[in-house]
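Spelled out from the first residue to the last, the chains are:
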Amino acid sequence: MDFDLLSTRVSHHLATGREAEAVELLKEHLLEHQGSAEFWVLYSAGLLDLDRSAEAEQTARSALSLEPENPAAGLYLSISLIRQSLREPALQEVYRVIETWPEFAAAHHLLGMILVGSATSRDDRRLARRATEHALSLEPSNPDFYHGAALAADLDENNRAALEYLREGLRLDPHHQGLLRYAASIENGGKVVGDSGALLRGMLTSDPTNQALHADFAEQYVRRQSVYANRFWMLLPLLACLAAFAGAADGAGRWALGAGILAVSALFALWNRTTYNKSVELLPSGYLRDIFERHPLLPRALHAYQWSWALGLCGALLGGFTSLQVPSAGLLLLAMVGSQLAGFWIGQELAGVPRQSHEPSARRNYMLRRSGMLAQGFWKRVFLALFNLALFGFCVEVGSRLAAVPLAAVGLGFLAVAVPLLVLQVRMGFGGNAFAYGQRLSSSAKWRGLAMVRGNLGAVCYIGIHLVVGLLASIMGLAVLLQGIPDTSSPSPTPAQIMPKPSDLERTKRELQQLHDILQEQRKDLLDGPEQPSLPAAE
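Keep in mind it's a predicted model, so treat the numbers as computed, not measured.

A few words now on the overall build of the protein. From N to C terminus, the protein includes 27 helices and zero strands. Burial analysis of the protein (539 residues in total) assigns 42% to the buried set. Taking the intrachain contacts of the protein between residues at least 6 apart in sequence as the baseline, contacts between residues at least 24 apart amount to 66%. Carbon and sulfur atoms provide 61% of the accessible area of the protein, an area that totals close to 29200 Å².

Below, the structure written as structure tokens:
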């Protein structure tokens, strides 16, 4: 077959997603065209689309052996190397292509993408941004380059510039999948494309066989289920506080507070149900099963939230009876544990816990994402802890053992962050943990060692604060549950009460005077007693 015809057919197969057919067609004509560098370039493109990186490396080297300055072959070789996690050889090859073809925009774009995906310092971040922006200046009509520039700007912590690149790229190609998918995931991306869920559903409607879109759509649904953990952290201690006041009330007051517990629980359930309905209204019919298959921990987490609500309601209603405060607190604490466990499972799914892939890079990426998620929201946790401490103070005022619930809730909330972070820190090691990685990204390569030390010290402080606060609050909550609140109903005497009254002083003074007179009389009797006989003088 003529090479031009073969190239046309292979390019059409690659453009329509029939990569396997393209590779088979090339294999059939291997002996006929093995002396052509362009043939090996086409072969590399097909193998890369099939994610056969090692074979693509060999075909790209075959092309370069025939034509050492072929820019496409150099690019495909660099792509195949970086997909095999060979960062330095990939960078060397793309630098060689840039030196040979300095105006080749795709080479500058690839350099930026390699650095975006494997940045290790602030220098890498800045170089990635310069490379993607230079590629865009060489070829300003390519929407792929706007996508790369947005990625690099976001890595450089410039969200405004990233959104502007997305906006400009979508003006050129409103249906560009890469730009649309990235706009659905980036912070403030809704300012460019609107609601991300509606966007992804529209993209799926036009391309229902795209598995990457299905994965994004499922992840969007999981992200919407991550809002319940903090809600339960507020609800369960609030129910415990209402139950404590119900136990201290009499008659109609107890019944009124019991009705308040039912009302608060019902409103909370309605709030969560409304949130859930908004997250599923965009799902196609029967699509929820597909999401649960992709994220098997998610249905378990949703059931745990339901059981936590039921246990919390039962525990709060039992707390209205003074004799049942200990089992009431136990049920509420069990509900708190269930809600924290559900939040942990949803966090794992959001971080993309690897199930089928056993590659070390996949595990490391998961641990980095999970650590970053756990390290977020510090001040929100502080606010929730202060809220629970205020509820603890209210429970102490009525002397209820249910005061253990808000106090233990603080401990569980902080331990749910400290313990997983500590485990991830140990597993990733001194040089590879998320804290050290984040500090390296924000410092230059010259100070990489110092940045690692600073990152690990920050990790120790961050984890230590959560661990100490969590343990102290949990132990104190357990002590309150087992021993109760000390009785402070009889106030301690004031200094004015301790000081004797003037009448008491006068009476004491008279008694002392009487005692003094008696002692004087006894002394006088002793002195005036019978005279004792004297002994004869010694001769």
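Continuing now.
So, about helix H9 (residues 122–138). Residues three or four positions apart in an α-helix share a direction because the helix packs 3.6 residues into each turn. The end-to-end C-alpha distance of H9 is 25 Å, a good match for the 24 Å that 17 residues give at a rise of 1.5 Å each. Buried residues of H9: Asp124, Arg125, Ala128, Arg129, Ala131, Thr132, Ala135 and Leu136, and no others. Projected onto a plane normal to the axis of H9, the buried residues spread over an arc of 165° and lie on a single side. The inward-facing, buried residues of H9 abut helix H7 (87–100), helix H8 (105–118), helix H10 (143–155), helix H11 (159–172) and helix H24 (434–441).

Under the counting rule described, the total for this entry stands at 14 salt bridges. Arg129 is paired through a salt bridge with Asp156; the nearest N and O atoms lie 3.3 Å apart. One end of the pair, Arg129, is in helix H9; the other, Asp156, is in the loop between H10 and H11, with 27 residues separating them in the sequence. Judged by its relative accessible area of 16%, Arg129 falls in the buried class. Given the relative accessible area of 22%, Asp156 is considered partly exposed. Note that Asp216 is salt-bridged to Arg181, the shortest N-O span being 2.5 Å. You can see Asp216 sitting in helix H15 (residues 211–224) and its partner Arg181 sitting in helix H12 (residues 177–185), a full 35 residues away along the chain. Judged by its relative accessible area of 18%, Asp216 falls in the buried class. Where salt bridges share partners, they join Arg125, Arg129, Glu133, Asp156 and Glu157 into one cluster.

The next subject is the packing of aromatic side chains. Going through the model one piece at a time under the given rule, you end up with 12 aromatic pairs. Ring geometry for Tyr228 against Tyr305: centres 5.6 Å apart, planes inclined by 70°, an arrangement best described as edge-to-face. Placement of the pair is Tyr228 in helix H16 (residues 228–248) and Tyr305 in helix H19 (residues 297–318), with a sequence separation of 77 residues. Of the residues examined, Tyr228 reaches a relative accessible area of 4% and is grouped as buried. One residue, Arg231, lies across the ring of Trp271, its end atom 3.8 Å from the ring centre. The ring centre of Trp345 lies 5.2 Å from the NZ or CZ of Arg300, which sits over that ring.

Here the focus is the environment of Leu199. Structurally, the position occupied by Leu199 is in helix H14 (residues 196–206). Sequence separation between Leu199 and Phe217 is 18 residues; the distance between their C-alpha atoms is 9.4 Å. The contact partners of Leu199, leaving out residues within four places of it in the chain, are Leu180, Ala184 and Val193.

Considering all chains together, one arrives at zero disulfides under this definition. Here Cys395 is not disulfide-linked; the sulfur of Cys241 is the nearest cysteine sulfur, at 4.2 Å. A relative accessible area of 0% means that Cys395 is categorised as buried.

What follows covers the packing of H16 against helix H17 (residues 252–280). One way to put it is that H16 packs onto H17 with a least axis distance of 8 Å and a crossing angle of 170°. In this view, H16 runs roughly antiparallel relative to H17, as classed from their interaxial angle. Between H16 and H17, the contacting residues are Tyr228, Arg231, Phe232, Leu235, Leu238, Leu239, Leu242, Ala243, Phe245, Ala246 and Gly247 on the first element and Arg254, Leu257, Gly260, Ile261, Val264, Ser265, Phe268, Trp271, Asn272, Thr275 and Tyr276 on the second. Within the contact of H16 with H17, the residues separate by chemical class into 15 nonpolar, five polar and two charged.

Our focus in this paragraph is a nonpolar patch on the surface. A cluster of nonpolar residues, Phe430, Trp447, Leu450, Val453 and Leu457, forms a patch on the protein surface that exposes about 530 Å² of accessible area. With three residues, helix H25 (residues 448–483) is the largest single contributor of residues to the nonpolar patch. Among the structural elements, Leu450 can be located in helix H25.

Spanning 13 residues, H10 covers 19 Å between terminal C-alpha atoms, matching the ideal 18 Å at 1.5 Å per step. Looking at the buried residues of H10, the elements they touch are H8, H9, H11 and H12. One side-chain oxygen of the residue at the start of H10 lies 2.9 Å from the amide nitrogen of Asp144, identifying that residue as Asn142. At the C-terminal side of H10, Glu157 shows a positive phi close to 65°.

What follows is about the nonpolar core. Formed by 79 residues in total, the largest nonpolar core has its most connected members in Tyr165 and Leu166. Per element, the largest residue contribution to this core is 10 residues, and it comes from H16. For Tyr165, the contacting residues outside a window of four places in its chain are Glu133, Leu136, Tyr146, Ala149, Ala150 and Ala153. With 36 residues, the next largest nonpolar core counts Leu6, Ala63, Ala107 and Leu111 among its residues.

Cut-offs applied
Residues numbered from 1 in each chain as written. Predicted model: local features only at pLDDT ≥ 70, side-chain atom pairs only at ≥ 80, totals over all residues. Heavy atoms only, no water. Helix = DSSP H or I, 4+ residues; strand = E, 2+ residues; numbered from the N terminus. Buried < 20%, exposed > 50% of the residue type's maximum accessible area, 1.4 Å probe, protein only. Contact = heavy atoms within 4.5 Å. Areas by Shrake-Rupley, 256 points an atom, 1.4 Å probe, with all protein chains shown as cover. Expected span 1.5 Å × (residues − 1). Arc of directions from axis to C-beta. Salt bridge = Lys/Arg side-chain N within 4 Å of Asp/Glu carboxyl O. Phe/Tyr/Trp six-rings, centres within 6.5 Å; stacked < 30°, edge-to-face > 60°. Lys NZ or Arg CZ within 6 Å of the ring centre and 35° of its normal. Disulfide = S-S within 2.5 Å. Axes fitted to C-alpha atoms, helices over the stretch in contact; angles between N-to-C directions. Parallel < 35°, antiparallel > 145°, perpendicular 65-115°, else oblique. Nonpolar A, V, L, I, M, F, W, Y, C, P; charged D, E, K, R; others polar. Patch = residues over 30% accessible without salt bridge, like charges linked within 9 Å, V, L, I, M, F, W, Y side chains within 5 Å. Polar contact = N/O pair within 3.5 Å; in protein donor to acceptor, adjacent residues only side chain to side chain. Core = buried A, V, L, I, M, F, W, Y, C linked by side-chain atoms within 4.5 Å.

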